[in-house]
Amino acid sequence: MTPLLSVEDAKVYFSANTGFIAQMFGPQREVKAVDGVSLAVGGGEIVGLAGASGSGKSSLAFAILRHHPLRAGRIAVEGRDIWSLDKEGLRDFRRSVQLVFQDPYQSLNPRFTVFRCVAEPLAIHGERDAGKRRARAVEALEHAGLRPAEDYLERYPHELSGGQRQRVAIARAIVLRPKLLIADEPVSMLDVSVRAGILRLLKSFAKDEGVGILYVSHDLGTIRYICDRVAVMHRGKIVEVGATEDVIRHPQHPYTRALIDAVPEVDPRYARPAA
Amino acid sequence: MPVLAVENLSVTYRTARGPVHAVDRVSFSLEGGDSLGLVGESGCGKTTIGKALLRILPEGAIGPKSRIVFEGQDLLSLGANEMRAIRGRRIGLIPQSAMNALDPVVRVSALIREAMAVHGLAGGRAAEERIKSLFAAVGLDPDRRAHYPHMFSGGMRQRATIALAFALEPTFLIADEPTTGLDVIVQDQVLKELAKLVRQRGTTFIIITHDIGVVAEHCRRVAVMYAGRVMEIGPTADVLVEPTHPYTMGLQNGFLGLRGAYREIVSIPGAPPSLSEIHPGCPFCDRCPFAEAVCRSEVPPLAEVAPGHFSACHFRDRAAALRAQSAEPETWGRRLA
């Protein structure tokens, strides 16, 4: 069976030459942000992409969104190569792959009401009927846990708490009923007491509705909670991939071990090994 | 005598929309060499307490009955010049988002040299030597001391702010979210450097953070704050292993460790109360699954439950039973429609 998302030996390189002269005439130096990565995400599956800053995890996420061209390799959604789509296919792709950003303070337009934030994608994708747009926006907001949605529609992002804003961002992402959701550190800006709600929400999209989720984060604690499988990235390569609980309990690669060992332990009874 | 004694500290911000009671009658003290973690969610008042200790709050924000006694001096009665001699010099600060705390157009070494000169510490070659040894102590290459902040990575900038704080040899240090924004591996390294420095110098310190893990590993005591009040304070191991306040229990449920068994994540339903008025009862009562009538009408006093361990809950005597119940997701879910 074709997985929802398949990444095969993908490479994303960036030019490391700065300045016009160096770009034109200097020796071509490159940063291999993603250097031969293969990964699959099935419908209803949550796959974690773990790694430290600069490991290439966000570059890979953006490559899946077609924001970064590939140097080599292939990325396909529902079996269709995202770089050889016709106009119609491209529109489908943009509807079925959605992104939730890290910072809900920056990802929502401060001059848009909640309704406009959530309904905008519908307008872009050709929903001309205002009544239907409203109904879909209400449905998405309630789905994202903002109930009753009518209380939120006319408010602005600055009137909402961080958790509520992230729910608006999620409502915006799900309003088009995507098949694949890419969540880039979706809870790292949020307080602990509201994190759980957002994570449970993402989990329910996967388990109840079959949405595939690529969960990008350096926080193994939340990855452990939400992800079925986890892939650990280091210097542009996946160094370890497996069932989450297996990887966390029995890391095989030294880098995975380092990532796990760096997490401070919350419970004094499980003091971590001293360095 | 404690190095720092905070008594009855209240802070009210005057805003266009009316007063905001950010800190409400908070008391705690630290002995020399002690360490305290101030934990709580956004808006619980933890950063405001740090600012009060340095007296960098707007004029009139600190309540009239508040007292902050540092090394025998009442900070709130000092003049501006006397306070300036303490700020940074005797009470050091590692600011929040230290990533942006360095002046982008000043070389890091010049910044540190200026701070030392202002306080009449080392100058000239002696200052340069001090900066070199500080750079080495925080894990930075001393040869990069004259670089500009933009030439440093986030972790390096963080280390530079730590070097800056220690350059003035404070006896007391406030670290406000010292590693927020760094990835786990860099966070771990930076915290270890910081821990080594405070240990070597016997610095008394407060870490302000929302990360219980950081406190669990680095602070001897912890104060859990909510809506401007201290809910629970005590030795870190006691508070985290046997919390006696339902808020602490709820907060812990949200933390996902890697070393214990897998468990369900449970969030506290609802949101913190408005801070525009003083609450007649416990500020947590609206979100607390164990709240009863008394919680809404009477402020629970911060009372001792074990040696050095205080809790502001009317039902602190039933803490063991509440802990068992609070571990069940249904306890918190019931209130979530």
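Since this is a predicted model, take the numbers as computed values, not measurements. (Residues numbered from 1 in each chain as written. Chains lettered and ligands numbered in written order. Predicted model: local features only at pLDDT ≥ 70, side-chain atom pairs only at ≥ 80, totals over all residues. Heavy atoms only, no water.)

Engineer: Sorry, what's going on with the overall build of chain B here?
Structural biologist: The number of helices and strands found in chain B is twelve helices and twelve strands. On C-alpha atoms alone, chain B measures out to a radius of gyration of 21 Å, which is about the 20 Å that the 2.2 N^0.38 rule sets for 337 residues. Over its C-alpha atoms, taken along the principal directions, chain B stretches across nearly 65 × 45 × 40 Å. Taken across its 337 residues, chain B has 53% of its residues classed as buried. Long-range contacts, defined here as pairs at least 24 residues apart, represent 64% of the contacts in chain B between residues at least 6 apart. In chain B, the 37 positive side-chain charges and the 35 negative ones have mean positions that sit 5 Å from each other. (Helix = DSSP H or I, 4+ residues; strand = E, 2+ residues; numbered from the N terminus. Rg over C-alpha atoms; globule rule 2.2 N^0.38 Å. Buried < 20%, exposed > 50% of the residue type's maximum accessible area, 1.4 Å probe, protein only. Contact = heavy atoms within 4.5 Å. Lys, Arg positive; Asp, Glu negative; His and termini not counted. Charge placed at Lys NZ, Arg CZ, Asp CG, Glu CD.)

Engineer: For this particular structure, what's the right way to read the side chain of Thr161 of chain B?
Structural biologist: One can find Thr161 of chain B in helix α5 (residues 154–167). Engagement of the side chain of Thr161 of chain B in a polar contact is seen with the backbone oxygen of Gln158 of chain B, the distance being 2.7 Å. (Polar contact = N/O pair within 3.5 Å; in protein donor to acceptor, adjacent residues only side chain to side chain.)

Engineer: How should the environment of Leu121 of chain B be read in this particular structure?
Structural biologist: All names here are of chain B. As for its position among the elements, Leu121 is in the loop between α3 (108–118) and α4 (124–137). A relative accessible area of 23% means that Leu121 is categorised as partly exposed. Distance in space between the C-alpha atoms of Leu121 and Glu169 is 9.6 Å, their sequence separation being 48 residues. Excluding anything up to four places from it in sequence, Leu121 contacts Arg89, Met116, Ala167 and Leu168.

Engineer: Sorry, what's going on with the pairing of strand β8 (residues 212–217) of chain A here?
Structural biologist: Two faces belong to every sheet, and in a regular strand the side chains alternate between them. Residues and elements named next belong to chain A. Along β8, six of the six residues are buried, which leaves the element largely enclosed by surrounding structure. In β8, alternate side chains face the same way, and those of Gly212, Leu214 and Val216 on one face and Ile213, Tyr215 and Ser217 on the other are all buried. Where strand β7 (residues 180–184) lies against β8, five bridges are found, and the strand directions are parallel. When the sheet's bridge partners are listed, Ile182 is paired in β8 with Leu214. Between β7 and its parallel partner β8, the chain crosses via helix α8 (residues 192–209), and the hand of that crossover is right-handed. (Pairing = 2+ DSSP bridges. Right-handed = clockwise from strand over helix to strand, strands pointing away.)

Engineer: Could you clarify how one ought to interpret the sheet that holds β8 of chain A in this entry?
Structural biologist: What links the strands of a sheet is backbone hydrogen bonding, and the strands pair in either a parallel or an antiparallel sense. Residue and element names in this part refer to chain A. Pairing is mixed in the open sheet, where six strands are placed in the order β6-β7-β8-β3-β9-β10. Each having just a single partner strand, β6 (97–100) and β10 (237–243) make up the two edges of the open sheet. For this sheet the average axis-to-axis angle between neighbouring strands, irrespective of direction, equals 20°. Bridge analysis of strand β9 (residues 229–234) against β10 gives six bridges, and the strand direction is antiparallel. Note on β10: the bridge partner recorded for Arg229 is Ala243. Most of the contacts of helix α7 (residues 162–174) go to β6, to which it runs at about 170°, and overall it touches β6 and β7. Across the sheet, helix α11 (residues 254–261) is in contact with β3 (46–50), β9 and β10; its angle to β9 comes to roughly 100°. (Axes fitted to C-alpha atoms, helices over the stretch in contact; angles between N-to-C directions.)

Engineer: Even after reading the chapter, I still don't get the pairing of β7 of chain A, so can you show me in this structure?
Structural biologist: Residue and element names in this part refer to chain A. Among the five residues in β7, five count as buried, and that is most of the element. Of the two faces of β7, the one carrying Leu180, Ile182 and Asp184 and the one carrying Leu181 and Ala183 are both buried. Examined bridge by bridge, β6 and β7 share four bridges and lie parallel to one another. Looking at the pairing, Val97 lines up with Leu180 of β7.

Engineer: Any chance you could explain a nonpolar patch on the surface here in plain terms?
Structural biologist: Residue and element names in this part refer to chain A. On the surface, a cluster of nonpolar side chains totalling about 510 Å² of accessible area is made up of Phe20, Ile21, Met24 and Phe25. Residue position: Ile21 is located in helix α1 (residues 20–25). By relative accessible area, Ile21 is classed as exposed at 58%. (Patch = residues over 30% accessible without salt bridge, like charges linked within 9 Å, V, L, I, M, F, W, Y side chains within 5 Å. Areas by Shrake-Rupley, 256 points an atom, 1.4 Å probe, with all protein chains shown as cover. Salt bridge = Lys/Arg side-chain N within 4 Å of Asp/Glu carboxyl O.)

Note that all results are geometric; they support no functional claim without further evidence.
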